[in-house]
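Structural features, examined
One letter stands for each residue in the lines below.
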Amino acid sequence: MYIIFEGIDGAGKSTQIGMLKEWIEANGFKVELQVEPTDSEVGKLIREILQHPDANTERVQRVLGLLFAADRLLIMDKLEDKSKIIISDRSFISSLAYQGDAEWIEILNRYAKKPDLLILLDLDVEKSVARTSGEDTFENVEFLTGVKENYLNLAKNYTSEIIDANNGINKVSSDIKKAVAPYLGICPDCIP
Ligand code: TYD
């Protein structure tokens, strides 16, 4: 099973993935984690470019679209291990939500693996800005509002569970477990 976590910056993906992994393992499954961008040379280049002041321009976003797509193609083989549940922190769905230009991004990601389950951590934009100590500028708020909207629309295209990420860590974790349980044949009412 291939589970993808998505959400705007500060939504709590890495914390929640860690908690979900522990719980799935306690239920007797093997779990493998993936993070995008990866630690490949392409992933390192992506992180550098994201720091540039012109990272948000259309031109750089097109370049980033290419690099993100290349970075994930490099790890495609790892996603085929059927003996494990693979949980990914971001995916091609991030590219669709962040880079926009769906036509361009879809061509580049033709060979990206589609999720069996998408978990969307839906966080309010004000909380995202506060949690990431990001700039509360009009541009930033407008950008994140667009990304959040894109995510909610994209979720309709996949088997997905939308989780309210504005709650405390333990409440969010329990909501995620309840949502994932039926896919793994675990009784959802047995979750504290
Ligand atoms: P993020 O998971 O937030 O990394 P970190 O743990 O370093 O905060 O991802 C880095 C940024 O990259 C984030 O703002 C989202 C963006 N991103 C894209 O724009 N497109 C993509 O395809 C991916 C995978 C990430």
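The amide bond that connects Glu36 to the next residue, Pro37, takes the cis arrangement and shows omega of -5 degrees. Counting through the fold element by element, Pro37 comes out in the loop between strand E2 (31–35) and helix H2 (41–51). Backbone geometry at Arg90 places phi at a positive 80 degrees, although glycine is not the residue there. Note on placement: Arg90 falls in the loop between strand E3 (85–89) and helix H4 (92–98). The class for Arg90 is buried, based on a relative accessible area of 14%. In this structure, Asp101 is a non-glycine residue whose phi angle is positive, near 45 degrees. Mapped onto the fold, Asp101 is located in the loop between H4 and helix H5 (102–108). Taking the relative accessible area as the measure of exposure, Asp101 reaches 41% and is therefore partly exposed.

Looking now at helix H7 (residues 138–154). Its 17 residues place the ends of H7 24 Å apart at the C-alpha level, agreeing with the 24 Å of an ideal helix rising 1.5 Å per residue. For H7, the complete set of buried residues consists of Leu144, Val147, Lys148, Tyr151 and Leu154. An end-on view of H7 places all buried positions within 130 degrees of arc, on one side of the element. Relative to its buried face, H7 has exposed residues pointing more than 90 degrees away, namely Phe138 and Glu139. Summarising the contacts, the buried residues of H7 are in contact with strand E1 (2–6), H4, strand E4 (117–122) and helix H6 (125–131).

Right, let's get into the site of the ligand. Inspection of the region around the ligand gives Asp9, Glu36, Arg47, Leu50, Phe68, Arg72, Arg90, Ser94, Ser95, Tyr98 and Gln99 as its neighbouring residues. Within the side chain of Asp9, one N or O atom sits 2.8 Å away from an oxygen atom of the ligand. The contact in question runs from an oxygen atom of the ligand to an N or O atom on the side chain of Gln99, over 2.8 Å. The cavity where the ligand resides is the largest pocket. By residue number, the principal contributor to the shell around the ligand is H4, which donates three residues. Looking at the shell around the ligand residue by residue, the classes come out as three nonpolar, three polar and five charged.

Analysis parameters
Residues numbered from 1 in each chain as written. Predicted model: local features only at pLDDT ≥ 70, side-chain atom pairs only at ≥ 80, totals over all residues. Heavy atoms only, no water. Helix = DSSP H or I, 4+ residues; strand = E, 2+ residues; numbered from the N terminus. Buried < 20%, exposed > 50% of the residue type's maximum accessible area, 1.4 Å probe, protein only. Expected span 1.5 Å × (residues − 1). Arc of directions from axis to C-beta. Contact = heavy atoms within 4.5 Å. Near = heavy atom within 4 Å. Polar contact = N/O pair within 3.5 Å; in protein donor to acceptor, adjacent residues only side chain to side chain. 1 Å grid on protein atoms, 1.4 Å probe; cavity = no way out; pocket = protein on both sides within 12 Å on 5 of 7 lines; lining within 4 Å. Sits in = over half its atoms within 2 Å of the grid points. Nonpolar A, V, L, I, M, F, W, Y, C, P; charged D, E, K, R; others polar.

These results come straight from atomic positions and should not be treated as a statement about function.
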